[in-house]
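Listed below, chain by chain, are the residues.
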Amino acid sequence: MGGRRILDRLIEAFVEALGGAPLLVANAPDAAAWAPGLEVVHDVVQGAGPLGGLYTAVMSAPAPVVCVAWDIPFVPPGLIAALAAQLDRHDAVLPASGGRRGVEPLCAGYGPACAGPMRQRIERGDFRAIAFHDAVRVSILSLDAIRRFGDPEMLFFNVNTPSDLTKADQLWRQHGSSR
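Everything numeric in this text was worked out from a predicted model, so none of it was measured.

Calculation rules
Numbering of residues starts from 1 in each chain and follows the order in which that chain's sequence is written. Since the coordinates come from a predicted model, pLDDT governs what is reported: local features require at least 70, and pairs of side-chain atoms require 80 or more to be given and counted, while whole-chain, interface and lining totals use all residues. Only hydrogens and water are removed before side-chain values are computed, so all heavy atoms of the structure are retained for them. Here a helix means four or more residues in a row that DSSP labels H or I, a strand means two or more in a row labelled E, and each is numbered from the N terminus. The size measure is the radius of gyration over C-alpha atoms, and the globule rule it meets is 2.2 Å times the number of residues to the 0.38 power. Each residue is placed in one exposure class: buried if its accessible area under a 1.4 Å probe, protein chains only, is under 20% of its type's maximum, exposed if it is over 50%, and partly exposed if it falls in between. Contact criterion: two residues are considered in contact whenever any of their non-hydrogen atoms come within 4.5 Å of each other. To measure how exposed things are, a 1.4 Å probe is used in the Shrake-Rupley method; for residues, cover is taken only from the protein chains shown. Only four residue types enter the tally: Lys and Arg on the positive side, Asp and Glu on the negative side, with His and both chain ends excluded. Think of each charge as sitting on NZ of Lys, CZ of Arg, CG of Asp or CD of Glu. Salt bridges are defined as contacts in which a side-chain nitrogen from Lys or Arg sits within 4 Å of a carboxyl oxygen from Asp or Glu. Whether two strands pair comes down to DSSP finding at least two bridges between them. In this analysis, axes come from line fits to C-alpha atoms, helices being fitted only over the stretch in contact, and the angle between any two N-to-C directions falls in the range 0 to 180 degrees.

**Q** I would appreciate a short explanation of the overall build of the protein in the present structure.
**A** A count of helical and extended segments in the protein gives 7 helices and 6 strands. Mapped in sequence order, the helices and strands of the protein form the string α-β-β-α-β-α-β-β-α-β-α-α-α. Its C-alpha radius of gyration of 16 Å places the protein within 12% of the 16 Å reference for a compact globule of 179 residues. Judged by the C-alpha coordinates and their principal axes, the protein covers about 45 × 40 × 30 Å. Taking all 179 residues of the protein together, the buried fraction comes to 49%. Looking at the protein alone, contacts between residues at least 24 apart form 60% of all its contacts between residues at least 6 apart. About 8,900 Å² of surface is accessible on the protein, with carbon and sulfur atoms providing 53% of the total. Each charge sign in the protein was given a centre, from 16 positive and 18 negative side chains, and these centres are 3 Å apart.

**Q** It is not clear to me how the pattern of salt bridges should be interpreted in this structure. Could you clarify?
**A** When the charged atoms of two side chains with opposite charge come close together, those side chains can pair. Under the defined criterion, the tally for this structure stands at 9 salt bridges. Salt-bridge contacts for E123 lead to R119; the nearest nitrogen and oxygen are separated by 3.1 Å. Note that E123 and R119 are positioned in helix α4 (residues 115-123) at a spacing of 4 residues, about one turn of the helix.

**Q** How should the sheet that holds strand β3 (residues 65-68) be read in this particular structure?
**A** Strand pairing within a sheet occurs via backbone hydrogen bonds; the two strands may be parallel or antiparallel. Here we have 4 strands laid out as an open sheet, ordered β3-β5-β4-β6, and mixed in their pairing. The sheet is open, and its two edges are formed by β3 and β6 (138-141), each paired on a single side. Neighbour to neighbour, the strand axes of the sheet diverge by 20° on average, direction disregarded. Both β3 and strand β5 (residues 107-110) contribute to a ladder of 4 bridges, which runs antiparallel. The residue bridging V68 from the neighbouring strand is C107, located in β5. The sheet contacts of helix α2 (residues 49-60) involve β3 and β5, and relative to β3 the element is tilted by about 150°.

Right, dumping it as structure tokens:
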């Protein structure tokens, strides 16, 4: 987007929000070369879908984590910081959204108390990113709170196809390039 990789934009947002580079959960053999200097970890449990990636982040980090899928290009540093700020009072902090689940579990904060329930759901074969929420203290950032950072539809825009990338670049040119 705008001549920069989505991953680089997210790394920059994490550094600005939390003062350090993020941990990259990726299973590709060449992932360490994507952004030299980032710590890269592979899924602790292979084939466990989105929940497996979240579980890996929780198990690999020394403290509560904010997880953002690296195909969501418009997550601003302020939202990352807002998610992190509530992890001292909640086990999971998720932003509300207009999406099908009503929350964005792949742009959320997770504390160590999530590890056991995540692992239990994985062992049961339930790989949904929200599968364990009934077993932990969850806080939802309201849509009003999310709108302080931008339009939720844009903030959580997901790039899965070449046409999504074209649309993301257009959105960046319309909105993000002025920031």
